[in-house]
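Okay, here's what each chain looks like letter by letter:
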Amino acid sequence: MQEIGWVDIPLKRKLDTLESMMAKCQRRGTRMAVCIPLALMHFPGDLLPCISAVMQLSARYGVDCWVDYADSVFLAEPSLFADNVHLNVNGAKKYSQLIASRLSKLAGKELQ
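Residues numbered from 1 in each chain as written. Predicted model: local features only at pLDDT ≥ 70, side-chain atom pairs only at ≥ 80, totals over all residues. Heavy atoms only, no water.

Undergrad: Which residues make up the packing of helix H1 (residues 11-28) against helix H2 (residues 47-61), and what values do they have?
TA: In the contact formed by H1 and H2, the axes pass within 10 Å of each other and the chain directions differ by 20°. Put simply, H1 runs roughly parallel to H2. Helix-helix and strand crossings are classified by hand; for H1 and H2 the assignment is right-handed. When H1 is examined against H2, the residues Leu11, Leu15, Leu18, Glu19, Met22, Ala23 and Gln26 are found in contact with a partner set consisting of Cys50, Ala53, Val54, Leu57, Ser58, Arg60 and Tyr61. Considered class by class, the residues forming the contact of H1 with H2 number ten nonpolar, two polar and two charged. (Axes fitted to C-alpha atoms, helices over the stretch in contact; angles between N-to-C directions. Helix = DSSP H or I, 4+ residues; strand = E, 2+ residues; numbered from the N terminus. Parallel < 35°, antiparallel > 145°, perpendicular 65-115°, else oblique. Left-handed = near helix turned anticlockwise from the far one by under 90°. Contact = heavy atoms within 4.5 Å. Nonpolar A, V, L, I, M, F, W, Y, C, P; charged D, E, K, R; others polar.)

Right, dumping it as structure tokens:
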């Protein structure tokens with residue numbers, strides 16, 4: 001059996017799946033957030049159109065959309081990355097704190 005990776009799935013199918021999730025959350029009154037994570041390198045291909053499409057879908061459905069792909073705070077510190085894509089332990093801790101802070105604000109609670 002051949003494994004299929006994220007890059008093997010057509011952009012339209014990815015976006016259709018995301019839109020279906022957003023519509024379901026909207027119908028149920030469930031708050032949703034989308035996070036486009038960090039990367040130290042820029043990827044060729046469909047990534048930028050994908051980010052744009054995700055932002056448009058998020059706006060249409062009232063979904064919080066955090067585009068961290070090129071966050072200057074993290075990109076200024078390449079030592080936070082294990083390689084061009086993945087954070088190391090220190091980077092993961094710092095990014096997790098950022099995400100936790102955002103989620104707590106969505107929930108109406110400030111982190112202690």
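Undergrad: Before we move on, can you summarise the nonpolar core with the specific residues and values?
TA: Residues Leu18, Met22, Met32, Val34 and Val54 are the most contacted members of the largest nonpolar core, which totals 17 residues. Put simply, the parts of the chain that give this core at least two residues each are H1, strand E1 (33-36) and H2. It is H2 that provides the largest number of residues to this core, a total of six residues. When neighbours within four sequence positions are excluded, Val34 is seen to be in contact with Leu18, Met22, Val54, Ser58, Val63, Asp64, Cys65 and Trp66. (Core = buried A, V, L, I, M, F, W, Y, C linked by side-chain atoms within 4.5 Å. Buried < 20%, exposed > 50% of the residue type's maximum accessible area, 1.4 Å probe, protein only.)

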